[in-house]
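# What the coordinates show
Residues per chain, in single letters:
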Amino acid sequence: MIAIPYLTALSTYFSYGLLFAFGQLRDFFRKIVDWWRASTLDGYAPICLGLEDFYIRRLYLRIQDCFGRPISSAPDAWFDVVERYSNDNNKTLKRTTKTSKCLNLGSYNYLGFAAADEYCTPRAIESLKKFAASTCSTRVDGGTTMLHTDLEECVARFVGKPAAVVFGMGYVTNSAILPILMGKGGLIISDSLNHNSIVNGARGSGATIRVFQHNTPSHLETVLREQIAEGQPRTHRPWKKIMVIVEGIYSMEGELCKLPEIVSICKKYKAYVYLDEAHSIGAVGKSGRGVCELLGVDTADVDVMMGTFTKSFGSCGGYIAGSKELVQYLKYTCPAHLYGTAISPPGAQQIISSIKVILGEDGSNRGAQKLARIRENSNFFRSELQKMGFEVLGDNDSPVMPIMLYNPAKIPAFSRECLRQKVAVVTVAFPATPLLLARARICISAAHTKEDLVKALEVCLSVCLGLPVIFLLKSPFFIHMFCF
Amino acid sequence: MASYGLNMLNSTVNWVTQALDAPSARAVVFGVHIGGHYFVEGLLLVVILFLLSQKSYKPPKRPLTKKEIDELCDDWVPEPLIPSITKEMEYQPPVLESAAGPHVIINGKEVVNFATANYLGLVGHEKVQESCTAALEKYGVGSCGPRGFYGTIDVHLDCESRISKFLGTPDSILYSYGLSTMFSAIPCFAKKGDVIVVDEGVHWGIQNGLHLSRSTIVYFKHNDMKSLHDTLEKITADNKRVKKLRRYIVVESVYQNSGQIAPLDEIIKLKEKYRFRVFLDESNSFGVLGQSGRGLTEYCGVPVEKIDIVTAAMGHALATEGGFCTGSSRVVDHQRLSSSGYVFSASLPPYLASAAITAIDMIEENPGLIVKLKKNISLLLKGLSGIQGLTVTSSPESPIVFLKLEQSTGSIKGDMELLEEIAERALKEDSVFVVTSKRSVLDKCRLPVGIRLFVSAGHTEADLTKACECLKRVSGLVLKHRD
């Protein structure tokens, strides 16, 4: 857990308070101006109520140029960021035709499959010619091609489960599977920092939801014991089934899940385990098979394994792997399978080819090289950042490393200054993270070379020292100052 | 205990009064002599204080001991994760061996394909293939990030502006999957307490969006304007404070579950009368209805500004994947930060976005495709008239031709068995690929199931005649022994 220093918390609250006060002042003036002018609403209620988009209008729009930056090339290790300008104080941003080549520290390109690859891209183009860009149909109607059946076999083999089913989008996978597996009378216990798609799916299912402290198996055990003993709320009938949902790597913390302890607790209390490996499949583990391989957990102990293909495989879509009966049942009932368009054939071919490269079945050892490189890169970068005094979260071997910024003014400062020095980073603030804990998140890729990483480190350090903003660094000889 | 005390008190009082009937304790109140009263009052006060200080009786709390919790945990038996597999769950759809165009190869045989929503025949078209190939070579396959974090590629922005230009709206926003478009857009604008009036035949994506929004949902009869009018009247009459709530009507232009077309001009009249906003899902009408393919708004002669939010999935006429939502700038900008399917999900692969741009260019340049599609639909409907045992329930201009059983077996399961037999025999014996409508256990729609044929501009007259004859023959065989 992150322990925020007292002084930093105070200054962050003060900064947000100031921004909030200015925002309210401007809203007040806006109300006066609107009172003079006639309303165009004419009897309808306003489509966005006053305070709902306050954050967007008064805080986010000021730093809008740090988010949603368009690129005009493949999201490889170096890419072209399109420059934008604004005439009305960041309310609207217009594109220019100028681009600048920057080092990419933001895209989820863990194994470097994002750009055109020598093995994968020719095969993707071939499958495009054979099966066209889309099947325009759901899987149960006319959307299942030979590629899809091959893909499901390949994924099941890679993940280590008897069968798998593939969907067109990772977000929809979670939202549509959880309502099928759990219903009213069931209990879902999910980690407090789970992704929005899991939260949505859990809400849509109608089951009772309880949350346990992030990555704390002892608290999970307490919650399980309490809930089994009490039963359903108000009626105290026993629960129909209990499911515990965890993620492999948490995308905002970079931490690995404590899977062996959690699985043993779930086995003891007869709860089902749902593992969401969106960021960890293909990126960790000796042969890229994810958190189970890395932490030595038998895949037969995890009941439902879910993952996405956007991160390590450079494609799109999501999958669910489990027993043959589970997959068959899902294919019969899951709305994403029955109503959603099948995954696009070139995308499917890209996944098959990238899995073959990772496993070494394409006849070369590029897969093993990529896996070794991403591990080396992540560990090197993390240790260097910590030596420089930054507060970096996450475990060793995890390619996601958030650097804590805390103060809202540091977010645009860090982002813009890094971009000026040709390094593209991602900064995250409320509502994706808690209000006080804004951070810059770095995603390392196997496509980064040692020189790229050294340059990135130099830029990070110079940004910290060169600005009139001095960061809160853990090292004793750096002073902390407020910034506005 | 209290009554015992009172008795004691009374006897004490009497004794005391008798004993201490001293002159000092006498008083005259309203001409009545009262004796010994100070002493009595003092005693009463003591008794009251004593009773108040007593705690009321509560049963003692006994939390479960560790041993008891252990026992409960051992005793508890969960249900199996999934129910046992029945025979109908083992259904395997036919596997395609070539692109899903008007003709497709299944099991080595060439088959006429009415199962894919390839309305304008753009699947496998060479211009679309060329633009996809160029995009694949330039950008790779995936976009590797959500829109907020370097997942915005210039083709996405080009695609959004192309869609806005084509439809004549200020702005649009691109989603990476057709199904997630509606169920992300609705919770953005409707929260707990708002009122949504929706047709009972909408597809699962919309139903899920309504459920996630936690608003008050009111259904009206499928495509029945009188029922809509009554519902709106009821809602606004009952509730005076409904004026402050956001109110929406959600309809689809061409319903996937029945093939009917919504009468948009009447809906607009009702919307203006009762001050509701309209959500329109144009997945199956974009590129199909209207002179130039601009959808239901052009077909009904309604200016597109009157519809507040238009969404569509691109996996139909545009032969690509993903979805978009279009409307005023305020509507679109709000979704860029509040729509969960947009913010928390990776963006659309760039080659699919460039395929969408090429497809829209082709619709604008070749209006002949739309004319051919209309002709094909009318030919097919003419050929299917008089089919035994099945009736056509879709609208005459809808690209989804929906056939339901004239006489239902009484249960959805029974209907599905018959329809699936018809579809299987059509594929095996006559090489015509049609599909039945599928229902998930989570789907709340109660409309009748049927056989769907997706007509394409790429079908020839021979294909259509073949399909009509095949269906007539097979349905005659399968449904004959029912009468």
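Since the structure is predicted, the reported quantities are computational estimates derived from the model, not experimental observations.

What follows deals with the overall build of chain A. Across its full length, chain A holds 15 helices and 13 strands. Against the 2.2 N^0.38 benchmark of 23 Å for 484 residues, chain A shows a C-alpha radius of gyration of 24 Å, consistent with a compact globule. Considered along the principal axes of its C-alpha atoms, chain A spans approximately 60 × 60 × 55 Å. Relative to its full complement of 484 residues, chain A shows a buried share of 62%. The long-range fraction of contacts in chain A, counting pairs at least 24 apart against all pairs at least 6 apart in sequence, stands at 69%. By element, 57% of the accessible surface of chain A is carried by carbon and sulfur atoms, the whole surface being about 18700 Å². Mean positive and mean negative side-chain charge positions of chain A (53 and 43 charges, respectively) differ by 4 Å.

The computed volume of the second largest pocket comes to approximately 1300 Å³. In terms of lining residues, the second largest pocket is bounded by 40 residues, among which A:Tyr332, B:Glu88, B:Met89, B:Glu90 and B:Tyr91 are the most central. It is helix H15 (residues 412-430) of chain B that contributes the most residues to the lining of the second largest pocket, seven residues altogether. A per-class count over the lining of the second largest pocket returns 16 nonpolar, seven polar and 17 charged.

A separate point is the pairing of strand S11 (residues 323-327) of chain B. Looking along a regular strand, one sees side chains alternate from face to face of the sheet. Residue and element names in this part refer to chain B. Of all the five residues making up S11, five are buried; the element is thus mostly covered by neighbouring parts of the structure. Here S11 shows no split at all, with Gly323, Cys325 and Gly327 on one side and Phe324 and Thr326 on the other all buried. In this sheet, S11 lies alongside strand S5 (residues 171-175) in antiparallel orientation, the contact comprising five bridges. Among the inter-strand pairings, Ser172 is bridged to a residue of S11, identified as Thr326.

Okay, the interface of chain A and chain B next. Tallying the contact residues gives 107 residues for chain A and 107 residues for chain B. Both sides of the chain A and chain B interface together cover about 9300 Å² of buried area, and 64% of this is carbon and sulfur. Viewed at the interface, chain B and chain A are joined by four salt bridges. The closest approach of N and O atoms between B:Arg452 and A:Asp141, which form a salt bridge, is 3.0 Å. Considered class by class, the residues forming the side of chain A that touches chain B number 59 nonpolar, 31 polar and 17 charged.

Positionally, A:Asn377 belongs in helix H13 (residues 366-388). Judged by its relative accessible area of 5%, A:Asn377 falls in the buried class.

Within the structure shown, the criterion is met by six cavities of 30 Å³ or more. For the largest cavity, the calculated volume is near 380 Å³. Looking at the largest cavity, it is lined by 30 residues, and the ones nearest its centre are A:Thr138, A:Tyr339, A:Gly340, B:Gln256 and B:His316. Where the lining of the largest cavity is concerned, the elements lending two or more residues are helix H11 (335-339) of chain A together with helix H6 (178-189), strand S10 (309-313) and strand S16 (450-454) of chain B. At four residues, H6(B) tops the list of elements feeding residues into the lining of the largest cavity. Residue composition of the lining of the largest cavity, grouped by class: eleven nonpolar, 15 polar and four charged. There is about 70 Å³ of room inside the second largest cavity. If you go around the second largest cavity, the residues you meet are A:Ala283, A:Val284, A:Gly285, A:Leu294, A:Leu371, A:Ile374, A:Arg375, A:Ser378, A:Asp397 and A:Pro399. Of all the elements, H13(A) adds the most residues to the lining of the second largest cavity, at four residues.

Scoring rules and cut-offs
- Residues numbered from 1 in each chain as written.
- Chains lettered and ligands numbered in written order.
- Predicted model: local features only at pLDDT ≥ 70, side-chain atom pairs only at ≥ 80, totals over all residues.
- Heavy atoms only, no water.
- Helix = DSSP H or I, 4+ residues; strand = E, 2+ residues; numbered from the N terminus.
- Rg over C-alpha atoms; globule rule 2.2 N^0.38 Å.
- Buried < 20%, exposed > 50% of the residue type's maximum accessible area, 1.4 Å probe, protein only.
- Contact = heavy atoms within 4.5 Å.
- Areas by Shrake-Rupley, 256 points an atom, 1.4 Å probe, with all protein chains shown as cover.
- Lys, Arg positive; Asp, Glu negative; His and termini not counted.
- Charge placed at Lys NZ, Arg CZ, Asp CG, Glu CD.
- 1 Å grid on protein atoms, 1.4 Å probe; cavity = no way out; pocket = protein on both sides within 12 Å on 5 of 7 lines; lining within 4 Å.
- Points joined across faces, edges and corners; volume = space filled by probe spheres on them.
- Nonpolar A, V, L, I, M, F, W, Y, C, P; charged D, E, K, R; others polar.
- Pairing = 2+ DSSP bridges.
- Buried area = accessible area lost by both parts, 1.4 Å probe.
- Salt bridge = Lys/Arg side-chain N within 4 Å of Asp/Glu carboxyl O.

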